[in-house]
Amino acid sequence: MDLHGRHLIAGDWIGSDQSFASTPAHGPAREFAVGTAAHVDTAAEAAEQAFASFGWSTREQRAVLLRKIADEIEARGDVITEIGCQETGLPAARLEGERGRTSGQLRLFADHIEQGTYLDLRHDPALPDRAPLPRPDLRMIQRPLGPVAVFGASNFPLAFSVAGGDTAAALAAGCPVVVKGHPAHPGTGEIVAQAIEAALRATGTHPGVFSLIQSNGIDVGTALAQHPLIRAIGFTGSLRAGRALFDICAARPEPIPFFGELGSVNPMFLLPGALSERGAEIGAGWAGSLTMGAGQFCTNPGIAVVIDDPAADVFEQAAQEALAQIAPQTMLTDGIAQAYCSGVAGLVAVPGIRRIITKDSDPRQAAPNLFAVSGDDWLANDTLHEEVFGPTGIVVRVRDAAQMHQLALALEGQLTCTLHLDASDATLARQLLPVLERKAGRVLANGFPTGVEVCDSMVHGGPYPASTNFGASSVGTLSIRRFLRPVCYQNIPVDLLPEPV
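Below is a summary of the structure that appears in this document.

Criteria and thresholds
Residues numbered from 1 in each chain as written. Predicted model: local features only at pLDDT ≥ 70, side-chain atom pairs only at ≥ 80, totals over all residues. Heavy atoms only, no water. Helix = DSSP H or I, 4+ residues; strand = E, 2+ residues; numbered from the N terminus. Rg over C-alpha atoms; globule rule 2.2 N^0.38 Å. Buried < 20%, exposed > 50% of the residue type's maximum accessible area, 1.4 Å probe, protein only. Contact = heavy atoms within 4.5 Å. Pairing = 2+ DSSP bridges. Right-handed = clockwise from strand over helix to strand, strands pointing away. Expected span 1.5 Å × (residues − 1). Salt bridge = Lys/Arg side-chain N within 4 Å of Asp/Glu carboxyl O. Axes fitted to C-alpha atoms, helices over the stretch in contact; angles between N-to-C directions.

## Overview of the overall build of the protein chain
Turning to step 1, where the next piece is worked out: A count of helices and strands for the protein chain gives 14 helices and 21 strands.
Turning to step 2, where the next piece is worked out: For 501 residues, the compact-globule formula gives about 23 Å, and the C-alpha radius of gyration of the protein chain, at 24 Å, lands near that figure.
Turning to step 3, where the next piece is worked out: By its C-alpha atoms, the protein chain is 70 × 70 × 40 Å across when sized along the principal axes.
Turning to step 4, where the next piece is worked out: Here the protein chain holds 501 residues, and the buried ones make up 57% of them.
Turning to step 5, where the next piece is worked out: A fraction of 77% describes how many contacts in the protein chain between residues 6 or more apart in sequence connect residues 24 or more apart.

Listed below in structure tokens is the structure:
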């Protein structure tokens, strides 16, 4: 395993005076250089220099680069799986699937930009003879913003990290990228950075188009958010960290967009017909979704809303029995495991909550927990609205359909909301759907939100606090639009215009 333990900045592997040790779930700890504000400055300046050419590259050139990155990642597949399993504790099958998703979205974005529809080209030809005033020649196109900073995510070491969706979208748009690697999987990040470096060299792309800076503290992230050459930020992480970065971006002399995906409880609403007919089946399915990947998915369905009647007892019992069979699972980091234990302890202390399953978790292991609460108590206590990152669920037992509707209205912004319904539930579903579509970026029927398809139609975002920009998605081809802005060219000679115009 060829690890430098250094930063990749504009084609050079650069060390630091200080280092930090990785904390793998198993296997050897390794030393990695700690990034500084000076590294950020070097990377940002190189990215700005690269933008002079990369921002005007053709769609075909960028598509070749994206596909080459995918090829280079796959060529390192065994090594990525080996170190990824060590660092995160995730099983090999999960990492292999995530690697396929990562390379797949790179190729999807390559196909998409070659089609050109994302540019939203518009042309109003000149009308020199129009009375009372002539009209100039007007052409509009979406243009790249400039250098973008991307923060690697803890829970997806491939699909939302060094070469993940934010990086792929920014490169597809024509924006150079500076990545802050996540300290939970620095070795995995470095191997992926090696793949990107090889792709840049093979395609003759300016080396400043991509840099990776490793860090286990906040200094690099703060420096990236404040750097005047960084034009946008892509982030997936906690509400606390995301909000802090969002505020820094807004407080800059020239504010920049911060595209943060910050968390969600992803509520499910079980309508009476579905609950009566399929309560046990839904309960067992919920347990599987709730504990998938130790509950460390941003779309983990942490709340199930049911009307308090005997059918709710059947659902609750089925979920309890299924969760009782699930052994503790390794969490991504010691810190995430500690936060999970604290979150569960906070729920235990909430007045009116009923414990169904409560299990102690080991320092790096997460055991499933299940609670129940009345609709009145849920509405009265904001603590119950907050995400517990891990395999914990809350059954919210409302009095009737009216209180279910009241609870939907009280929701904060979500990534997803789910309706479990049968034909007999159509009237209530019609009342809930207009509310839920204002609360979430994705609304599901008769399914579970874990598992986000990478495709043209996907929306992975939602109103705050699920994300900081309700009009954007961090998954799917729409995500490319985050790193573009509309420009209108008036009477500009055609031979001076960007190639697609």
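And the narrative resumes.
## What to know about the pairing of strand β17 (residues 369–374)
Turning to step 1, where the next piece is worked out: β17 sits mainly inside the fold: 5 of its 6 residues count as buried.
Turning to step 2, where the next piece is worked out: The sheet contact formed by strand β15 (residues 354–357) and β17 spans 3 bridges and is antiparallel. If you follow Ile 357 over to β17, its bridge partner there is Leu 370.
Turning to step 3, where the next piece is worked out: By the bridge criterion, 6 bridges tie β17 to strand β18 (residues 392–398) in an arrangement that is parallel. Each bridged residue has a counterpart across the sheet, and for Val 373 the counterpart in β18 is Val 396.
Turning to step 4, where the next piece is worked out: Taken together, β17, helix α12 (residues 375–380) and β18 constitute a β-α-β crossover, and its handedness is right-handed.

## Looking at helix α2 (residues 59–75)
Turning to step 1, where the next piece is worked out: Look at α2: 24 Å from first C-alpha to last across 17 residues, which is about the 24 Å you get at 1.5 Å a residue.
Turning to step 2, where the next piece is worked out: Here α2 has its buried residues at Arg 59, Arg 62, Ala 63, Leu 65, Leu 66, Ile 69, Ala 70, Glu 72 and Ile 73.

## Remarks on the pattern of salt bridges
Turning to step 1, where the next piece is worked out: Scanning all chains against the criterion turns up 20 salt bridges.
Turning to step 2, where the next piece is worked out: Its salt-bridge partner being Glu 72, residue Arg 76 comes within 2.7 Å of it at the nearest N-O pair.
Turning to step 3, where the next piece is worked out: Assessed through its relative accessible area of 21%, Arg 76 is described here as partly exposed.
Turning to step 4, where the next piece is worked out: Between Glu 254 and Arg 231 there is a salt bridge; the shortest N-O distance is 2.6 Å. In this pair, Glu 254 is assigned in the loop between α8 (239–251) and β11 (258–261) and Arg 231 in the loop between α7 (219–226) and β10 (232–236), connecting sequence segments 23 residues apart.
Turning to step 5, where the next piece is worked out: Among the charged side chains, a network of salt bridges with common partners joins Asp 308, Asp 313, Glu 316, Arg 354 and Arg 397.

## As for the sheet that holds β15
Strands in a sheet are paired, the pairing made by backbone hydrogen bonds, and the direction either parallel or antiparallel.
Turning to step 1, where the next piece is worked out: Strand order in the open sheet made by the 7 strands is β15-β17-β18-β13-β12-β19-β20, with mixed pairing throughout. Whereas interior strands pair on both sides, the edge strands pair on one side only; in this sheet they are β15 and β20 (440–445). Pairwise comparison of adjacent strand axes, ignoring direction, gives a mean angle of 20 degrees for this sheet.
Turning to step 2, where the next piece is worked out: Contacting β15, β17 and β18, helix α11 (residues 334–348) runs over the sheet at an angle of about 30 degrees to β17.
Turning to step 3, where the next piece is worked out: Where helix α13 (residues 401–410) meets the sheet, it contacts β12 (268–270), β13 (303–307) and β18, and its direction lies at approximately 155 degrees from that of β13.

## Notes on the sheet that holds strand β5 (residues 122–124)
Turning to step 1, where the next piece is worked out: Overall, antiparallel pairing links the 3 strands, which are arranged β5-β6-β21 in an open sheet. What marks the edges here is a single partner per strand, and that holds for β5 and β21 (484–490). Pairwise comparison of adjacent strand axes, ignoring direction, gives a mean angle of 25 degrees for this sheet.
Turning to step 2, where the next piece is worked out: Pairing of strand β6 (residues 138–144) with β21 involves 7 bridges; the strand directions are antiparallel.

## Section: unusual backbone geometry
Turning to step 1, where the next piece is worked out: For the bond from Ala 131 to Pro 132, the omega torsion is 5 degrees, close enough to zero to count as cis.
Turning to step 2, where the next piece is worked out: Tracing the sequence through the fold places Pro 132 in the loop between β5 and β6.
Turning to step 3, where the next piece is worked out: Here the residue pair Tyr 464 and Pro 465 is connected by a cis peptide bond, since its omega of 10 degrees sits within 30 degrees of zero.
Turning to step 4, where the next piece is worked out: For Pro 465, the position within the fold is in the loop between β20 and β21.
Turning to step 5, where the next piece is worked out: Not every positive phi belongs to a glycine, and Asp 120 is a case in point at roughly 50 degrees.
Turning to step 6, where the next piece is worked out: Looking at the element boundaries, Asp 120 is found in the loop between α4 (92–115) and β5.
Turning to step 7, where the next piece is worked out: A positive phi angle is found at Ala 294, which is not glycine, with a value near 60 degrees.
Turning to step 8, where the next piece is worked out: By the secondary structure assignment, Ala 294 is in the loop between α9 (272–291) and β13.

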